[in-house]
Amino acid sequence: MAKLRMYIFIAVASCTAGSLVLSALSGARAAECQRKTAGFYLEETNAGVPHNLSSVLQNLPGPLTGAPGNSERGREVLVSRQKGDCLSCHKVSALSSIAGQGGIGPALDGVGSKYNDAQLRQVLVEPKTYFPETIMPSYYRDGGAAVSVLTAAEIEDLVAYLKTLR
Amino acid sequence: MQPILGVSFMILAAFGSVSAWAQTDARPHAPAETQASRMRLIPGEEFLPAAIRAQQADDFDNPAFPYVEAGEAAWSRPEGAAGKSCQDCHGAGENNTVRHAAASYPKYLPRVNQVITLQTRINFCRQNALQASPLPDSSEQMAAMTAYLRWLSRRLPPAVDVSGPATATFEKGRELYHMKTGLLQLSCGQCHDLKFGQNFGAETLSQGHPQSYPVFSVGERRMISLHERFRMCNQLTRAEAQPVNAPDYVALELYLSWRGKDLPITAPGVRP
């Protein structure tokens, strides 16, 4: 509950500060702010993403395939609606020419320098290890296409691409 | 002068937030028995792009309205071997005895001992009273008849009965709403209770209320029923979509109608 109040306070503070500085908010942004301050929903901001994922927690140090991934293919996995479809929930500034990037999860800018391969791999395979409250699905499971969103090779390609986001 | 200006700004800002809170308080809560009982109910329209929202609000501009008119015409037009129209049994206009019936569906029908949708009810009448062929669930005529009947219930809250023989279906709907499905293992509630207002791709997640259905999809240039919308959600979570009127979808529709029972019906809606 205390955490909840804090989020509301932050939303109120950032909106009012914004309106003081700019004093001419566009109608849409003002409405957006009003919705946030009214507590209709609490948006998790990108600032909340930890810079150092606990090394105590499990991570996946070795490649799932025994071979390093390819970042070019990883970019395709990230963008493709049928594969990772990561942009439906995450923004990537490096891909800003692609329209319709969502905002449910944090932006992926800089994840390549914040996290090492093992941590990125672990987040893709089981994000709840690091973020227990997340609704982000697990993208890899043993058992083939019937249960796994991506293949082991696609996970490695994705890790390779995410490492380029610095 | 500067500090005074600053203080007055702060007072203004504080007043702004207070009035925003007051506005929140005017909104109905989700029913106490839901997992998200502290959630305020927000109509789907509020999550739409402004242009689409304006289109829905203006009956002359609303592309679903020709369907309402077609439905109204079909209501009084005799069809089938019995040579009767809907009007012959139910009346028309102000004398239409079932003009607010759409708000009470999905509804338990003793004769078939199950909860049925408005679409199923329409086909029931067609086959029994009119002795006409049933309308395919995704046909233009079905879209017209449901758009017309739901429009007649506009501004009324959903009046579904989830007690007695409908209880089992209702509880199944509640369970389905919170059940993780598909390759992505997401439940309806994870997006629509927890993440509404946030952007999924180019669209903003709503709370998943059924009030404006059936809707006209601007992108697809056709009417979309609630169950077709369920199918789209299933596809997004990479689950196996079920056919329109599948028992799971009927149960889910009943649960959602009950969950949003304090929001008035706004059909027919417009969606991107």
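Computed from a prediction, not measured in an experiment: that's the story for all the values here.

Q: Looking at this structure, I do not really get the overall build of chain A. What am I missing?
A: In terms of helices and strands, chain A carries six helices and zero strands. In sequence order, chain A lays out its α and β elements as α-α-α-α-α-α. Every one of the 166 residues in chain A was classed for burial, and the buried ones make up 34%. For chain A, long-range pairs separated by at least 24 residues make up 61% of all intrachain contacts whose partners lie at least 6 apart in sequence.

Q: What should I look at first to understand the packing of helix α5 (residues 118–130) of chain B against helix α6 (residues 140–152) of chain B in this one?
A: Angle between the axes and distance between the axes: these two values describe a pair of packed helices. All names here are of chain B. Axis separation between α5 and α6 bottoms out at 10 Å; the angle between their running directions is 110 degrees. By the angle between their directions, the pair α5 and α6 is classed as roughly perpendicular. In the packing of α5 onto α6, the handedness of the crossing is right-handed. Taking contact as the criterion, the partners of L118, Q119 and I122 in α5 are, on α6, M142, M145, T146 and L149. When the residues that make up the contact of α5 with α6 are grouped by side-chain class, the tally is five nonpolar, two polar and no charged.

Q: Sorry, what's going on with the environment of A:A145 here?
A: All names here are of chain A. Tracing the chain through its elements places A145 in the loop between α5 (117–125) and α6 (152–163). By the C-beta count within 10 Å, which is 9 here, A145 ends up exposed. Residues A145 and Y130, spaced 15 residues apart in sequence, show a C-alpha to C-alpha distance of 25 Å.

Q: Could you clarify how one ought to interpret the domain arrangement of chain B in this entry?
A: Residue and element names in this part refer to chain B. On domain assignment, one finds that chain B holds domain 1 (31–59 + 159–271) and domain 2 (65–152). Its C-alpha centre places domain 1 at a distance of 23 Å from the equivalent point of domain 2. At the interface, 20 residues of domain 1 touch 19 residues of domain 2. Top contributing element to the side of domain 1 that touches domain 2 by residue count: helix α10 (residues 247–259), with four residues. Here the residues of the side of domain 1 that touches domain 2 sort into 12 nonpolar, four polar and four charged.

Q: Please clarify how unusual backbone geometry should be interpreted in this entry.
A: In terms of backbone geometry, most residues other than glycine have negative phi values and most peptide bonds are trans. Residue and element names in this part refer to chain B. Note the cis peptide between Y105 and P106, where omega equals 0 degrees. Tracing the backbone through its elements, the reader meets P106 in the loop between α4 (86–90) and β1 (107–109). With omega at -5 degrees, the peptide bond leading from A267 into P268 counts as cis. For P268, the location among the structural elements is in the loop between α10 and β7 (269–271). The phi dihedral of R155 falls on the positive side, at around 75 degrees, and the residue is not glycine. Considering the arrangement of structural elements, one finds R155 in the loop between α6 and α7 (167–177). Residue class for R155 comes out exposed when judged on the 8 C-beta atoms lying within 10 Å of it. Notably, R238 is not glycine yet its phi reads approximately 55 degrees, a positive angle. Structurally, the position occupied by R238 is in the loop between α9 (226–236) and α10.

Q: Is there a simple way to explain α5(B) in this structure?
A: Since the α-helix advances by 3.6 residues per turn, residues separated by three or four positions end up pointing in the same direction. Residue and element names in this part refer to chain B. The terminal C-alpha atoms of α5, which comprises 13 residues, lie 17 Å apart, in line with the 18 Å expected from a rise of 1.5 Å per residue. Of the positions making up α5, those classed as buried are L118, Q119, I122, N123 and R126. Down the axis of α5, the sector holding all buried residues measures 140 degrees, keeping them to one side. The secondary structure elements touched by the buried residues of α5 are α6.

Conventions adopted
Residues numbered from 1 in each chain as written. Chains lettered and ligands numbered in written order. Predicted model: local features only at pLDDT ≥ 70, side-chain atom pairs only at ≥ 80, totals over all residues. Helix = DSSP H or I, 4+ residues; strand = E, 2+ residues; numbered from the N terminus. Buried ≥ 20, exposed ≤ 12 C-beta atoms within 10 Å, placed from the backbone. Contact = placed C-beta atoms within 7 Å. Axes fitted to C-alpha atoms, helices over the stretch in contact; angles between N-to-C directions. Parallel < 35°, antiparallel > 145°, perpendicular 65-115°, else oblique. Left-handed = near helix turned anticlockwise from the far one by under 90°. Nonpolar A, V, L, I, M, F, W, Y, C, P; charged D, E, K, R; others polar. Domains from an automatic or database assignment. Expected span 1.5 Å × (residues − 1). Arc of directions from axis to C-beta.

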